[in-house]
Amino acid sequence: MTRYASLILDVRTRVLDRTFDYAVPDELAGSVDVGCCVLVTFAHRPAVGYVLGLRDRLDPEVDPGKVRPVEQVLSDPMFDADAVETIRWIAREYAAPVVDVVRLFCPPGFSARAVRDPRSGVWTLRTAQTAQVEERWVSLTEQGRSFVPAPNAARQRALIGALSEGPVLQAELALSMSSASSVVKALERRGVVSVELRRRVRGRRQVRLASAQAPRRAPGELTQGQRSALEAIGRACDARRGDVVVLDGVTGSGKTEVYLEAIERVLSQGRDAVVLVPEISLTPQTVGRFRSRFGDQVAVLHSRLSTGERYDQWDLVRQGGARVVVGARSALFAPVANPGIYVIDEEHESSYKQGSSPRYHAREVAAHLARQHGAALVLGSATPSLEALERCSQGRFAGASWTRVEMPQRPGGRPLPPVEVVDMAAEFASGWRSMFSRALTQALAETVQRGEKAVLMLNQRGFARWLLCRDCGYVPRCEHCSTSLTYHERGHMLVCHTCGSQYPVPATCPQCGSHYLRMSGMGTQQVEDRLREQLAQIVPSGVPVIRMDADSTREKGGHERCLEEFDAAPCAVLLGTQMIAKGLDFPEVTLVGVINADTVLKVCDFRAAERTYDLLEQVAGRAGRGPKGGRVVIQTYQPRHPAVQAAARHDRSVFLDAELPLRREALYPPFVGLANLVVWGPQLEAVTSTCRQIASALLDRAEGLSLPAGGAAGDGDPSWPGGSPVRVLGPVECAISRLQDRYRWHVLVKADRSVELGPFVSEALGAVKVPHGVSVAVDVDPHDMM
Ligand code: ADP
Ligand code: ZN
Ligand code: ZN
């Protein structure tokens, strides 16, 4: 009987976003499996497809005579049937093309480009970096153990000594002794040592180096909070239905220690663990803690590894050689055999949302995977997202229970640092003109005089330099975008931060010809210069200032280098952008200063206040981790804003009491579902008319819907005001209305939680014919609406 393979073709058009059945010829019957990549003919051309299913029968309307065969198998299975279920779930939930989702599950370095060998006619994938590399391991033989080198054979003695603890890489021997290879060869001939070729796992050395300093276990007993967290996680594991524990612990309360304990228990039950950490916190410091606890069982996956390293780490997981995966967002898709626990650290981080298709959120996908595998999901944060908090207050979501466990104290009772809020408007009014307020200046002086360390955060968005004509107000803008240009010291250039275009700096105003074209604003470089001047007045011999921003950390390892330098210095100031708010654990930091707290508040995004609160609370947590304690100074123009006040008092309720009613009133998450549909193209007319059609297709469908009986979803949740459960807003221009010569418009959809937003949007879009040259992106649960 003929079997059929249901394929998703590697072609990106919405029209082809469905499976096609191909017959599996007898000679391929043994090698075509779910997750394979195969070659077929589609529309008279060779095409690559992924096998999502196998079946014995075609749909009744399909003519078996028209079904074409699978021509060649191009890869081993890359994912299994469980993964296919998840692929379909993500595609549906986020209204994403299935093929985009499939790619998440393919190995690092995978490419669906097939090439044909003209002689043999055989097709192969152009996948790089999957070749296996071997390396030579040297060990003592049984006979070698009793071998006594001649008295003058110093190098032989050294070699035998080096091997006494077990096999050693020949390459490593070569580092510590001269002509290692000839000594090895000589002893191999005499049967004293043997050389074995083993596969080299790229990326492992970096993982090893990371564990060098980390202690295996935290000193002391677990705290009360840690014990209750572990009990809750234990219950979630035992329930085997994807229960979620939100670990709501202040910075430094020992959350990581809880993850490590919980993972150890899961491993002892023969199940595996996946840990997500924000890309920026995947430092040797973090990885080292996992590695020192779980040794070689740890695989690491993140974008700073090379493709080859990532491939080997991925393959190690697939072969069962690593049972703890630590990585960024995409580590969720590593081929873990039997996941028993998923951990997401810093759950509130917006980097868990993918910015390109499929625009999934790692929290939601992890919750789905946990349900699928009967695993537990642990979401850890000092500032859990409003989504996570809301689900905990409901107690349940999608058939799983959601529980919040608090860890309000740091081990050893170290207090959270006191926070002082400085009103910068008042500073200015009283005649103080420096960017460092009097309070911060004094705190800095005291800190460096005591020889301690300080961390200063400046908000990137608030720090940019641009050109301004003092006569006519002209500001140079990008020719391709709607944004104004930023001045870059390096190369004396104007740069567009949305598309990267560079322009020379004009000598006179292009609009009015005036010579008064002057620099405005402040760049990070200036802040650094001022800071150095200021410090030089206090400590004439100088204090090291380490700047950490996108520029200084661009190269591989740059981020680590900055942190190591700061760590090594006895007294220093770390000046950095948002990236310093996360994961730093330096007990010697006694002062944290926030130079401009409020620029994030001004961004037109309903999460602006939440992000500000998260950021301030996180950065404040960098102070006072050691016995000397610490303090925090926040400079702001909005000292009474609830986000600032909540961080200042370390009291989240101040923020929630103000924010939740606003979100509920204005119909925003977590109370309703949200989707953003962005339409762009080079012709304004085509863009706006497509956008209008999309809006009316959405409205048409919305009219057919009604709220479920008994009111809005969510157990009589009063958030939805009634009427149709869907609201369509727009079309309107995007905040960035032009980008790289493309006009951008959008439509926003708000829906009661009873509506499945992904399928709703997909179906509405199905009714719209998008003209050539116009693109549409769907973002369900958007985190960036510019
Ligand atoms: P978080 O992940 O919540 O920021 P960590 O797990 O990094 O907190 O813990 C902060 C510091 O406290 C670390 O140096 C850790 O080794 C230490 N620590 C954690 N748990 C304990 C404990 N029970 N007793 C003593 N020290 C602890
Ligand atoms: Zn001018
Ligand atoms: Zn531009």
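Residues numbered from 1 in each chain as written. Chains lettered and ligands numbered in written order. Predicted model: local features only at pLDDT ≥ 70, side-chain atom pairs only at ≥ 80, totals over all residues. Heavy atoms only, no water.

A.B. asks: How would you explain the overall build of the protein if you had to name every residue and give the values?
C.D. replies: Scanning the protein for helices and strands turns up 22 helices and 33 strands. For 786 residues, the compact-globule estimate of 2.2 N^0.38 gives 28 Å, and the C-alpha radius of gyration of the protein, at 30 Å, lies within 12% of that figure. Counting only C-alpha atoms, the protein reaches 85 × 85 × 60 Å along its principal axes. Across the 786 residues in the protein, those meeting the buried criterion constitute 54%. (Helix = DSSP H or I, 4+ residues; strand = E, 2+ residues; numbered from the N terminus. Rg over C-alpha atoms; globule rule 2.2 N^0.38 Å. Buried < 20%, exposed > 50% of the residue type's maximum accessible area, 1.4 Å probe, protein only.)

A.B. asks: Which residues make up the environment of Q537, and what values do they have?
C.D. replies: Here Q537 is to be found in helix α15 (residues 524-538). Q537 sits in the exposed class, given a relative accessible area of 69%. Each C-alpha atom, one on Q537 and one on A445, is 9.2 Å from the other, the two residues being 92 residues apart in sequence.

A.B. asks: How would you sum up the site of ligand 1? Please name residues and give values.
C.D. replies: Close to ligand 1 lie 18 residues; E221, Q226, K255, T256 and R289 are nearest. Separating a nitrogen atom of ligand 1 from a backbone N or O atom of E221 is a distance of 2.7 Å. With respect to ligand 1, the side chain of R289 contributes an N or O atom lying 2.7 Å from an oxygen atom. Considering only residue class, the shell around ligand 1 consists of 5 nonpolar, 6 polar and 7 charged. (Near = heavy atom within 4 Å. Polar contact = N/O pair within 3.5 Å; in protein donor to acceptor, adjacent residues only side chain to side chain. Nonpolar A, V, L, I, M, F, W, Y, C, P; charged D, E, K, R; others polar.)

A.B. asks: Tell me about the state of the cysteines, residues and numbers included.
C.D. replies: The tally for this structure, following the rule as stated, stands at 0 disulfides. Considering cysteine sulfurs only, C37 is the nearest to C36, which forms no disulfide, with 8.4 Å between them. Accessibility expressed as a relative area gives 0% for C36, which makes it buried. The thiol sulfur of C734 is not disulfide-bonded, and the nearest other cysteine sulfur, from C691, lies at 7.7 Å. (Disulfide = S-S within 2.5 Å.)

A.B. asks: Go over the packing of helix α3 (residues 154-162) against helix α5 (residues 180-189) with me, naming the residues and quoting the values.
C.D. replies: Remark: α3 packs on α5, axes separated minimally by 10 Å, with the N-to-C direction vectors making an angle of 80 degrees. Considering their axes alone, α3 and α5 lie roughly perpendicular with respect to each other. Contacts between α3 and α5 involve R155, Q156, L159 and I160 from the first element and V183, V184 and L187 from the second. Within the contact of α3 with α5, the residues separate by chemical class into 5 nonpolar, 1 polar and 1 charged. (Axes fitted to C-alpha atoms, helices over the stretch in contact; angles between N-to-C directions. Parallel < 35°, antiparallel > 145°, perpendicular 65-115°, else oblique. Contact = heavy atoms within 4.5 Å.)

A.B. asks: Give me helix α11 (residues 362-373): which residues, what numbers.
C.D. replies: Taking 1.5 Å of rise per residue, the 12 residues of α11 would be expected to cover 16 Å, and the 16 Å separating its terminal C-alpha atoms lies within 8% of that figure. For α11, a buried count of 9 out of 12 residues is recorded, marking the element as mostly surrounded by other parts of the structure. One or two positions beyond α11, positive phi appears at G374, with a value near 60 degrees. (Expected span 1.5 Å × (residues − 1).)

A.B. asks: Give me the lowdown on the packing of helix α7 (residues 224-239) against helix α8 (residues 255-268), citing residues and values where you can.
C.D. replies: Orientation of α7 relative to α8, taken along the N-to-C sense of each, is 35 degrees, at an axis distance of 10 Å. Judged by the sense of rotation from one axis to the other, the crossing of α7 with α8 is right-handed. On α8, the residues that touch Q226, A229, L230, I233 and C237 of α7 are E257, V258, E261, A262, R265 and V266. (Left-handed = near helix turned anticlockwise from the far one by under 90°.)

A.B. asks: Any details on the sheet that holds strand β18 (residues 400-407)? Residues and values, ideally.
C.D. replies: Reading across from one edge, β13-β14-β12-β15-β16-β11-β18-β17 is the order of the 8 strands in this open sheet, with mixed pairing throughout. The open sheet terminates on both sides in strands that have one partner only, identified here as β13 (298-301) and β17 (396-397). Of the strand pairs in this sheet, strand β15 (residues 339-345) and strand β16 (residues 376-381) are connected by 5 bridges, and their pairing is parallel. Residue pairing for β16: I344 is matched across the bridge by L379. Sheet strands in contact with α8 are β11 (244-249), β12 (272-276), β14 (324-327), β15, β16 and β18, and its direction is about 170 degrees off that of β15. (Pairing = 2+ DSSP bridges.)

A.B. asks: Describe the nonpolar core, naming the residues involved and giving the relevant values.
C.D. replies: In this structure, Y50, F79 and L698 are the most contacted members of the largest nonpolar core, which totals 91 residues. Ranked by residues supplied to this core, first place goes to helix α20 (residues 684-703) with 7 residues. Setting aside anything within four residues of it in sequence, one finds F79 in contact with V34, G35, Y50, V51, L52, V84, I87, V102 and F105. Judged by nonpolar contacts, the second largest core, of 37 residues, contains I546, F586, V644 and F655. (Core = buried A, V, L, I, M, F, W, Y, C linked by side-chain atoms within 4.5 Å.)

A.B. asks: Provide a residue-level description of the pattern of salt bridges, including the pertinent values.
C.D. replies: What the rule picks out here adds up to 34 salt bridges. Measuring nitrogen to oxygen at the nearest pair gives 3.8 Å for the salt bridge that ties R631 to E420. One end of the pair, R631, is in strand β29 (residues 631-636); the other, E420, is in strand β19 (residues 419-423), with 211 residues separating them in the sequence. On the basis of relative accessibility, which here comes to 34%, the residue E420 falls in the partly exposed class. (Salt bridge = Lys/Arg side-chain N within 4 Å of Asp/Glu carboxyl O.)

A.B. asks: So, the environment of H559: which residues are in play, and what are the values?
C.D. replies: Among the secondary structure elements, H559 is positioned in helix α16 (residues 558-568). Through-space distance from the C-alpha of H559 to that of L684 is 42 Å; in sequence the pair is 125 residues apart.

A.B. asks: Outline the confidence of the model for the protein, supporting the account with residue identities and numerical values.
C.D. replies: Averaged over all residues, the pLDDT of the protein is 86; the fraction at 70 or higher stands at 91%. Confidence drops under pLDDT 50 across residues 712-716; counting only partners more than four residues distant or on other chains, this segment forms 10 contacts. (pLDDT = per-residue confidence, 0-100.)

A.B. asks: Quick one: what's the story with the sheet that holds strand β26 (residues 545-548), residue by residue and with numbers?
C.D. replies: Sheet architecture is open: 6 strands sit in the order β19-β29-β28-β20-β27-β26, paired in parallel fashion. Looking at strand neighbours, the two that pair on one side only are β19 and β26, the edges of this open sheet. Going across the sheet, the axis of each strand differs from the next one's by a mean of 15 degrees, ignoring polarity. When strand β28 (residues 589-594) meets β29, the two strands line up parallel, connected through 4 bridges.

A.B. asks: Lay out α7 with the relevant residues and their values.
C.D. replies: In this model α7 runs 23 Å from its N-terminal to its C-terminal C-alpha over 16 residues, within 8% of the 22 Å that 1.5 Å per residue would give. All buried positions along α7 are accounted for by G225, Q226, A229, L230, A232, I233, A236 and C237. Around the axis of α7, the buried residues are gathered within 165 degrees of arc, so they sit on the same side. Opposite the buried face of α7, at more than 90 degrees from it, the exposed residues are Q224, R235 and D238. Looking at the buried side of α7, the elements it contacts are β11, α8, β15, β16 and β18. One or two positions beyond α7, positive phi appears at R240, with a value near 55 degrees. (Arc of directions from axis to C-beta.)

A.B. asks: Quick one: what's the story with the pairing of strand β31 (residues 726-739), residue by residue and with numbers?
C.D. replies: With 8 bridges joining them, β31 and strand β32 (residues 742-751) adopt antiparallel strand pairing. Each residue of the ladder has a partner; that of R738, found in β32, is Y743.

A.B. asks: Describe the environment of A375, and please don't skip the residues or the numbers.
C.D. replies: You can see A375 is positioned in the loop between α11 and β16. Residues A375 and C481, 106 residues apart in the sequence, show an inter-C-alpha distance of 46 Å. Residues contacting A375, with those up to four places away along its chain left out, are G242, D243, R271, P339, G340, I341, Y342 and A370.

A.B. asks: Describe the pairing of strand β2 (residues 20-24), listing the residues and the values that go with them.
C.D. replies: With respect to burial, β2 is a largely interior element, 5 of its 5 residues being buried. With 5 bridges connecting them, strand β1 (residues 3-9) and β2 associate as antiparallel partners. Looking at the pairing, S6 lines up with D21 of β2.

A.B. asks: How would you explain the packing of aromatic side chains if you had to name every residue and give the values?
C.D. replies: The final tally for this structure, using the stated rule, is 9 aromatic pairs. Ring centres of F20 and F42 lie 5.1 Å apart, and the angle between their planes is 65 degrees; on these two criteria the pair is classed as edge-to-face. Of the two residues, F20 sits in strand β2 while F42 sits in strand β3 (residues 37-42), which places them 22 residues apart along the sequence. Measuring from ring centre to ring centre gives 6.2 Å for F397 and W402, while their planes differ by 90 degrees; the resulting arrangement is edge-to-face. Overall, the relative accessible area of 33% leaves F397 in the partly exposed class. Using a relative accessible area of 4% as the deciding quantity, one classes W402 as buried. (Phe/Tyr/Trp six-rings, centres within 6.5 Å; stacked < 30°, edge-to-face > 60°.)

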